[in-house]
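For reference, the chains in residue letters:
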Number of protein chains: 2
Amino acid sequence: MSHDARFGLGRTITLAGPLPLDSGAVLAPVDIAYETYGALDDDGGNAILICHALTMDQHVASRHPRTGKPGWWLQVVGPGKPIDTNRYFVVCANVLGSCMGSSGPASLAPDGAPHAMRFPVITIRDMVRVQAMLLDHLGIATLRTVIGGSMGGMQALSWAATYPSRVRSAIVIASTARHTAQNIAFHEVGRQAIMADPRWLGGEYYASGDVPSAGLAVARMAAHITYLSEAGLTEKFGRRLQARPDSPHGAKSFGFDADFQVESYLRHQGISFVDRFDANSYLYITRAMDYFDLAEEHGGKLAQAFRGSATRFCIVSFDTDWLYPTAESRSIVRALNAGGAAASFVELSSPFGHDAFLLDSPELNRVIDGFLKAIP
Amino acid sequence: MSHDARFGLGRTITLAGPLPLDSGAVLAPVDIAYETYGALDDDGGNAILICHALTMDQHVASRHPRTGKPGWWLQVVGPGKPIDTNRYFVVCANVLGSCMGSSGPASLAPDGAPHAMRFPVITIRDMVRVQAMLLDHLGIATLRTVIGGSMGGMQALSWAATYPSRVRSAIVIASTARHTAQNIAFHEVGRQAIMADPRWLGGEYYASGDVPSAGLAVARMAAHITYLSEAGLTEKFGRRLQARPDSPHGAKSFGFDADFQVESYLRHQGISFVDRFDANSYLYITRAMDYFDLAEEHGGKLAQAFRGSATRFCIVSFDTDWLYPTAESRSIVRALNAGGAAASFVELSSPFGHDAFLLDSPELNRVIDGFLKAIP
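In this text, all values refer to a predicted model and were calculated from it rather than measured experimentally.

Draft legend 1. Seen up close, the overall build of chain A. A tally of regular secondary structure across chain A gives nine helices and twelve strands. Relative to the 2.2 N^0.38 estimate, which gives 21 Å for 376 residues, the radius of gyration of chain A is 21 Å and therefore close to what a compact globule would have. Projected onto its principal axes, the C-alpha positions of chain A cover 65 × 50 × 45 Å. For chain A, the share of sequence-separated contacts (at least 6 apart) that also reach a separation of at least 24 residues comes to 71%. Summed over all atoms, the accessible surface of chain A reaches about 13200 Å², with 54% contributed by carbon and sulfur. Distance from the positive charge centre (32 side chains) to the negative charge centre (36 side chains) of chain A: 4 Å.

Okay, structure coming up:
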């Protein structure tokens, strides 16, 4: 079936909708950009949905069209990898609200102009609803697993809570069941940086020939610090100075250039992000993450979200992740246990903080591989 | 002697200089705004210098002229308080580079225009050198103690290393002997936010009738998160929503207003900061903190900074401070021990993170009081 026109890289489907959103608004039609890898079994039982993080996209194992970089999870997804595309049919879709082909603030509204801030505020559950509609389109009734790290883990949790009968297993990596005050605070700094940029123009910058790049870069820089551990930053950069033409080991400039390597690195992270991401999408997706509180959707009791669930869960945290620390994963596990759901949990050791889930990790690979093979 | 014209609140002295700076530049003249409390003993032996943090000032126990708020360390400084102004002669000076009366980018250069970015980049040691010149002016040869929290602690350390014979004791609270990569990274986000604000105008905004308020507010918001603990934020705000006229317990707006109380709080922190602080001063002082590495000034060995020191040290950390965590204080204590200096160390428990040193803390009061009374 792999030459089915619905399957492959670089696909976009327009779903007629209507898609009712948590806000009460309705979206129709809805574009969803996605990729598939491998072949769907005749019984449809080998499908895996990968949910991506805040600034990632559907190019999980294919070259990114704007940056030219290889897929963001190549070490996990591919032939012979833990998510083995020789065995599994893998789907990854750009989330609703993003900017890589799915409907979002940068996409065109029926009147032919970008939605901009007319785009409705969405939630993690809204993203999941769109993915469910995509799976319907692809003929996938039930997922062998839904997997994701960070915001991808939120979607995996939301999938299991919203469509329990469609999810045989869920792998939730470096994630949380709700955004804390500190999580919200960091996102709010980023949003304020974007909205303070005069080129943001209330979100109507698409026709201006310019974008709020300075604000978006600052937002990315602030967020990026939360993705790394203090120890990892110290190991990678410490207080080392930037080499300069007249000073191969660097020297303090007694000015405001990037003297320290970590400054230069952060500035690069900010600037390069602007080339590949839409500022309004950043506003909408961070808002969706801040709104995420799975317990709140279930009467304030997280266990209630998983009551009697037949889904098998695998929860993974990293010991140096201070964005979504292990304690958040433990509280998910406690809720799964209280709800009577099957849950395994592992805390992996890594010096790299939250970003560890995107990096080469033999331990993470082993956990995913072992868990997937044990699914009946 | 307390009616000496040099003593009292609201004093400013212009020192002729020249003041040689670590950068190699020379500053002359140098204004220094300061306050004194209490009376200087005839033998000058009861003087205490309080060093303030990044955005604080000389108004340690007097009303702030711009905000109208009471002094920032009233619970520690005053009659009958641990730094007892009935016993001690207390000096607190606005640091070099700041904006409350001491020379800084906002103060006027000899040509009558603000220095702006012509002001030389300064270091923590430069701040201390100016304070030493002020003490000369006040007739204080030796300090009973030099005390400070956060950047104030850096100055206290620098005092002990630079003028060991003038410092009988030093109290270093919630501080560090060097800025880490993560510390630098957060400051760099703030600086980029300021410099990205088009109203910054390369620092030449003083005559424009406007200031880079949006950038400075974002800088303050990002920094403010680092002053609070995750647990403290959760306790204070959690995910509670802002009350609205039509919704006393708050409701999600499905928009980009401040839905969460923590968003509203952060926005307020950013906006109110702009009214009392100069953006260029923020650039210069954060740079001085990032440059701070006391070991580097002593051949890479922190112990060398205190070798044979007769100064008695009291190092205090807070268990939830993730900006300058207890590990940083411990490494100072190890260096003091290795250098043969007398050091006591205490880690205090507080839910409030780095900001704990500014809050009412009976334990901190007891530590300061006990240590000060034990100084011969």
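Continuing now.
Draft legend 2. Structural detail: the relation of the copies chain B and chain A. Of the transformation superimposing chain B on chain A, the axial component is 0.0 Å and the angular component is 180 degrees, with the fit at an RMSD of 0.0 Å. Viewed as a symmetry operation, the transformation between the two copies matches a two-fold axis. Here 100% of the interface residues in chain B have copies in chain A that are interface residues too; the copies meet face to matching face.

Draft legend 3. Molecular detail of the interface of chain B and chain A. Residue-level contacts link 53 residues of chain B with 53 residues of chain A. For the chain B and chain A pair, buried surface summed over both sides reaches about 4600 Å², with 70% attributable to carbon and sulfur atoms. There are twelve salt bridges connecting chain B and chain A. A salt bridge links aspartate 293 of chain A to arginine 239 of chain B, with the shortest nitrogen-to-oxygen separation between them at 3.1 Å. The interface formed by chain B and chain A includes 32 residue pairs in polar contact (both at pLDDT 80 or more). When residues of the side of chain B that touches chain A are traced back to their parent elements, those giving at least two are helix H3 (181-196), helix H4 (213-227), helix H5 (230-236), helix H6 (261-274) and helix H7 (279-291) of chain B. Broken down by element, the residue count for the side of chain B that touches chain A peaks at twelve residues, all from H3 of chain B. In terms of residue class, the side of chain B that touches chain A is made up of 28 nonpolar, ten polar and 15 charged.

Draft legend 4. Fine view of the environment of glutamine 192 of chain A. Residues and elements named next belong to chain A. Take glutamine 192: it is sitting in helix H3 (residues 181-196). By relative accessible area, which is 18% here, glutamine 192 ends up buried. Here the alpha-carbon distance between glutamine 192 and histidine 3, two residues 189 residues apart in the chain, equals 46 Å.

Draft legend 5. Structural detail: the packing of aromatic side chains. Scanning the model with the defined rule gives 30 aromatic pairs over all chains in all. A ring pair is formed by phenylalanine 237 of chain B and tyrosine 265 of chain B, whose centres lie 4.7 Å apart and whose planes are at 40 degrees; its orientation type is tilted. Taken as a pair, phenylalanine 237 of chain B in the loop between H5 and H6 and tyrosine 265 of chain B in helix H6 lie far apart in primary sequence, 28 residues in all. Here the two residues phenylalanine 237 of chain B and tyrosine 265 of chain B agree in accessibility, since each one is buried. In this structure an aromatic cluster arises from ring pairing among Phe186 and Trp322 of chain A together with Phe186 and Trp322 of chain B. Over the ring of phenylalanine 273 of chain B we find arginine 220 of chain B, and its NZ or CZ is 4.5 Å from the ring centre. Of note, lysine 252 of chain B hangs over the ring of tyrosine 291 of chain A, and the distance from its end group to the ring centre comes to 5.0 Å.

Draft legend 6. How the structure looks around the pattern of salt bridges. Taken as a whole and judged by the stated rule, the model has 40 salt bridges over all chains. The partner of glutamate 188 of chain A in a salt bridge is arginine 191 of chain A, with the nearest N and O atoms 3.2 Å apart. With glutamate 188 of chain A and arginine 191 of chain A both in helix H3 and three residues apart, the pair spans about one turn of that helix. Assigned by exposure class, glutamate 188 of chain A and arginine 191 of chain A land together as buried. By sharing partners, the salt bridges in this structure join Glu188, Arg191, Arg287 and Asp290 of chain A together with Arg244, Asp259, Glu263 and Arg267 of chain B into a single network.

Draft legend 7. Highlighting the nonpolar core. Counting 201 residues, the largest nonpolar core has Leu96 and Trp159 of chain A together with Leu96 and Trp159 of chain B as the members making the most contacts within it. Residues within four places of tryptophan 159 of chain B in sequence aside, it is in contact with Leu49, Cys51, Val128, Gln131, Ala132, Leu135, Leu143, Val146, Pro164, Arg166 and Val167 of chain B. In this structure, Val90, Val316, Ala356 and Leu358 of chain A belong to the second largest nonpolar core, which totals 31 residues.

Draft legend 8. Looking closely at the side chain of arginine 166 of chain A. All names here are of chain A. Along the chain, the position of arginine 166 falls in the loop between helix H2 (151-162) and strand S10 (169-173). The exposure class assigned to arginine 166 is buried, which follows from its relative accessible area of 14%. Here the side chain of arginine 166 touches isoleucine 140 through a polar contact of 2.8 Å, landing on its backbone oxygen. Once residues lying within four places of it in the same chain are set aside, the contact partners of arginine 166 are Ala132, Leu135, Asp136, Ile140, Ala141, Thr142, Leu143 and Trp159.

Draft legend 9. Seen up close, H3 of chain A. Look at H3 of chain A: 22 Å from first C-alpha to last across 16 residues, which is about the 22 Å you get at 1.5 Å a residue. With respect to burial, H3 of chain A is a largely interior element, 14 of its 16 residues being buried.

Draft legend 10. Just the sheet that holds strand S12 (residues 342-348) of chain B, in detail. Residue and element names in this part refer to chain B. In spatial order, the strands read S1-S4-S8-S5-S9-S10-S11-S12; together these eight strands make up an open sheet with mixed pairing. Among the strands making up the open sheet, the edge pair consists of strand S1 (11-15) and S12. Shown here is a sheet whose adjacent strand axes are inclined to one another by a mean of 20 degrees, direction ignored. Sheet topology places strand S10 (residues 169-173) next to strand S11 (residues 312-318); five bridges connect them, and they run parallel. What sits directly across from serine 169, in S11, is arginine 312. Across the sheet, helix H2 (residues 151-162) lies against strand S5 (47-51), strand S9 (145-149), S10 and S11, angled at about 150 degrees from S9, the strand it touches most.

Draft legend 11. Representation of the side chain of histidine 354 of chain B. All names here are of chain B. If you trace the backbone, histidine 354 turns up in the loop between S12 and helix H9 (362-373). Within the structure, the side chain of histidine 354 is placed 2.7 Å from the side chain of serine 150, a separation counted as a polar contact. Among all residues touching histidine 354, those that are not within four sequence positions of it are Ser150, Ala174, Thr226, Tyr227, Asp321, Leu323 and Tyr324.

Basis of the calculations
- Residues numbered from 1 in each chain as written.
- Chains lettered and ligands numbered in written order.
- Predicted model: local features only at pLDDT ≥ 70, side-chain atom pairs only at ≥ 80, totals over all residues.
- Heavy atoms only, no water.
- Helix = DSSP H or I, 4+ residues; strand = E, 2+ residues; numbered from the N terminus.
- Rg over C-alpha atoms; globule rule 2.2 N^0.38 Å.
- Contact = heavy atoms within 4.5 Å.
- Areas by Shrake-Rupley, 256 points an atom, 1.4 Å probe, with all protein chains shown as cover.
- Lys, Arg positive; Asp, Glu negative; His and termini not counted.
- Charge placed at Lys NZ, Arg CZ, Asp CG, Glu CD.
- Least-squares fit on C-alpha atoms with pLDDT ≥ 70 in both.
- Buried area = accessible area lost by both parts, 1.4 Å probe.
- Salt bridge = Lys/Arg side-chain N within 4 Å of Asp/Glu carboxyl O.
- Polar contact = N/O pair within 3.5 Å; in protein donor to acceptor, adjacent residues only side chain to side chain.
- Nonpolar A, V, L, I, M, F, W, Y, C, P; charged D, E, K, R; others polar.
- Buried < 20%, exposed > 50% of the residue type's maximum accessible area, 1.4 Å probe, protein only.
- Phe/Tyr/Trp six-rings, centres within 6.5 Å; stacked < 30°, edge-to-face > 60°.
- Lys NZ or Arg CZ within 6 Å of the ring centre and 35° of its normal.
- Core = buried A, V, L, I, M, F, W, Y, C linked by side-chain atoms within 4.5 Å.
- Expected span 1.5 Å × (residues − 1).
- Pairing = 2+ DSSP bridges.
- Axes fitted to C-alpha atoms, helices over the stretch in contact; angles between N-to-C directions.

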